[in-house]
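Residues per chain, in single letters:
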Amino acid sequence: MDYKTIIEPFRIHTVQAIDLPNLAAREAALERAGYNLFGLHADEVIIDLLTDSGTGAMSSEQWAGMMCGDETYAGSRSFFRFEETVKDITGFDHVIPTHQGRAAEKILFAVAVEDGDVVPNNTHFDTTRANVEYRGAEARDIVTPGGTDPATILPFKGNMDIDRLRSTIEEVGVDRVPLVMITVTNNSGGGQPVSMANIRAAREVCDEFGIPLYLDACRFAENAWFIKMREEGYEDKTPREIAREMFSYVDGATMSAKKDGLGNIGGFLALNDTEWAQTARNLLILTEGFPTYGGLAGYDLEALAIGFNEVLEEDYLRYRIRSTAYLAETVLAGGMPIVQPPGGHAVYLDAAALLPHIPSHEYPAQSLAIELYRAGGVRGIEIGTVMFGRRDPDGGPDEPAAMELVRLAIPRRTYTQSHIDYVAEVVIDVANRAEQLTGYRIVEQAAWLRHFTARLEAL
Ligand SMILES: *Cc1c(COP(=O)(O)O)cnc(C)c1O
């Protein structure tokens, strides 16, 4: 008999206690944090879905690998293991370790991007956008039509709009487009996958104009699984074969190993261009460290070399994608509108649809995220106008973000089905009393990446 329940393909080996503070304590915590969930302490949260970045559980193999970490400053054995694994999966000539994804972005854009340039991407992640803008360039999102409509169901809703890629290059001129990026999966667009055909089509356009194409590869294994499940011709290929093909169409990649590296810290920049790699290594030495450790301990490199292989195992990916879909289906059936279809690493609640009485400039997604915490101690993250809206220089209402979402990101191999059932219960309870939620205003904010530190007040 084929049983249909997809179980966690691991058993628990070490545990960490979690606990729910009472309502008064949660309300006091919110006030202290300025209604910004980044200001909460771990002890104040029972189920933490703020991010899937670096929050996953490592395997016993990874922990054992850490004991073999080689802390040699230059030429560590652990670096060569890391490099070999990354080369085996990506095929790139140069592998530059970094302490996390944004360090790889900062270095890549310092090498490639100048003031006045335009970088097209299906959807820039927040740190990617900030690092492009920090160079004085424009970060332009050109996701496929329907990609920003939560209700539209498409198999590859993270695809790049290839027509707009071409028209963008023609409009701004080849000289001002130093590289094109594709984010797999499209994190800020709902964790949606990108098809192999789309990566190939972007490659063709880039070839036509002689522009390098890069992947923001943070969730390359999840994207490979979606291709296997949804794209014709890939059903019999392994996730590793699919990942290799994805990387074969691009000139390089930035990676946060805190995602599909199954690590708690780490990343890399990998590329084929020897000149860019040389400049990148020099910049790496300036801020991250020598090119054979790049801001990581030898034991981190060791754990990541093992993680990059574990993340491509079919049992793991089947469970990963299915358990995310399970949360999505449960809350949707209970009345919470979500981004459809569910993405790989997270469920995105559609606050604009749930809270039509709160306008964007009063941050409906922030209001929903706050209530999920207040009601059940569950922490998600606003991906809406607080994160991506533009502040009006004259003090008027913010220019709204494309969507008002609350992301519930699922840490890898960390929570069980009963934890997820509890989260669903909290989400459904809040959905059923949506009309009671009110808007917020920002009372304090930074010039960039304001969502990390802004303080808010209820209206
Ligand atoms: C997390 C992430 C980054 C940045 O990586 P960090 O390790 O957090 O610096 C970049 N792009 C995407 C799509 C991400 O999800």
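Residues numbered from 1 in each chain as written. Predicted model: local features only at pLDDT ≥ 70, side-chain atom pairs only at ≥ 80, totals over all residues. Heavy atoms only, no water.

### Thoughts on helix α5 (residues 126–134)
So, step 1. With 7 of its 9 residues buried, α5 lies for the most part within the structure.
So, step 2. Structurally, α5 contributes buried residues whose contacts are with α4 (101–112), β3 (118–121), β4 (138–141), β5 (180–183), β6 (213–216) and α15 (385–388).
So, step 3. The positive-phi residue at the C-terminal boundary of α5 is Gly136, with phi of around 80°. (Buried < 20%, exposed > 50% of the residue type's maximum accessible area, 1.4 Å probe, protein only. Helix = DSSP H or I, 4+ residues; strand = E, 2+ residues; numbered from the N terminus. Contact = heavy atoms within 4.5 Å.)

### Comments concerning the site of the ligand
So, step 1. The immediate surroundings of the ligand are formed by 15 residues, with Arg102, Asp216, Arg219, Ser256 and Lys259 found nearest.
So, step 2. Within the side chain of Ser256, a nitrogen or oxygen atom sits 2.7 Å from an oxygen atom of the ligand.
So, step 3. Expressed as a share of its isolated accessible area of 380 Å², the protein-covered part of the ligand is 98%.
So, step 4. At the level of secondary structure, the elements contributing two or more residues to the shell around the ligand comprise α4 and α5. (Near = heavy atom within 4 Å. Polar contact = N/O pair within 3.5 Å; in protein donor to acceptor, adjacent residues only side chain to side chain. Areas by Shrake-Rupley, 256 points an atom, 1.4 Å probe, with all protein chains shown as cover.)

### Thoughts on helix α7 (residues 196–209)
So, step 1. For α7, built from 14 residues, the straight-helix expectation of 20 Å at 1.5 Å per residue is met to within 8% by its first-to-last C-alpha distance of 20 Å.
So, step 2. Listed in full, the buried residues belonging to α7 are Met196, Asn198, Ile199, Ala202, Arg203, Val205, Cys206 and Phe209.
So, step 3. Where the residues of α7 are buried, they touch α6 (162–172), β5, β6, α8 (220–230) and α9 (239–248).
So, step 4. Directly after α7, the chain includes Gly210, whose backbone phi takes a positive value near 70°. (Expected span 1.5 Å × (residues − 1).)

### Points about the nonpolar core
So, step 1. Of all hydrophobic cores here, the largest spans 58 residues; its most connected members are Leu215, Phe220, Met246, Phe247 and Phe308.
So, step 2. Taken domain by domain, the makeup of this core includes at least three residues from each of domain 1 (23–52 + 314–458) and domain 2 (60–310).
So, step 3. In contact with Phe247, other than residues within four places in its own chain, are Ile89, Thr90, Phe92, Leu215, Ala217, Phe220 and Ala253.
So, step 4. Ile358, Leu372, Tyr373 and Val427 belong to the second largest nonpolar core, which has 46 residues in total. (Core = buried A, V, L, I, M, F, W, Y, C linked by side-chain atoms within 4.5 Å. Domains from an automatic or database assignment.)

### Brief notes about the pairing of strand β12 (residues 405–409)
So, step 1. Most of β12 is tucked away, with 5 of its 5 residues classed as buried.
So, step 2. Neither face of β12 is open: one carries Leu405, Arg407 and Ala409, the other Val406 and Leu408, and all of them are buried.
So, step 3. Examined bridge by bridge, strand β9 (residues 346–350) and β12 share 5 bridges and lie antiparallel to one another. The residue of β12 that forms the bridge with Val347 is Leu408.
So, step 4. As judged from the 3 bridges shared by strand β11 (residues 381–383) and β12, these two strands associate in the antiparallel manner. (Pairing = 2+ DSSP bridges.)

### Details of the domain arrangement of the chain
So, step 1. Along its sequence, the chain is organised into domain 1 (23–52 + 314–458) and domain 2 (60–310).
So, step 2. The C-alpha-based centres of domain 1 and domain 2 are spaced at 26 Å.
So, step 3. Each partner contributes to the interface: domain 1 provides 29 residues, whereas domain 2 provides 37 residues.
So, step 4. Both sides together, the interface formed by domain 1 and domain 2 hides about 2700 Å², and carbon and sulfur atoms give 61% of it.
So, step 5. Interface area lost by domain 1 to domain 2 is led by Leu317, Met403 and Arg412, which between them contribute 19%.
So, step 6. In this structure, the connection of domain 1 to domain 2 is made through 7 salt bridges.
So, step 7. When the shortest N-O distance is used, the salt bridge between Lys228 and Glu314 registers 3.9 Å. (Buried area = accessible area lost by both parts, 1.4 Å probe. Salt bridge = Lys/Arg side-chain N within 4 Å of Asp/Glu carboxyl O.)

### Considering the pattern of salt bridges
So, step 1. The full count for this structure, using the stated rule, is 33 salt bridges.
So, step 2. Linking Arg320 and Glu222 is a salt bridge whose minimum nitrogen-to-oxygen distance equals 2.8 Å. Here the residue Arg320 occupies a position in helix α12 (residues 314–333), and Glu222 occupies one in helix α8, the gap between them amounting to 98 residues.
So, step 3. You can call Arg320 buried: its relative accessible area is 2%.
So, step 4. Its salt-bridge partner being Arg441, residue Glu457 comes within 3.1 Å of it at the nearest N-O pair. Of the two residues, Glu457 sits in strand β14 (residues 455–458) while Arg441 sits in strand β13 (residues 440–444), which places them 16 residues apart along the sequence.

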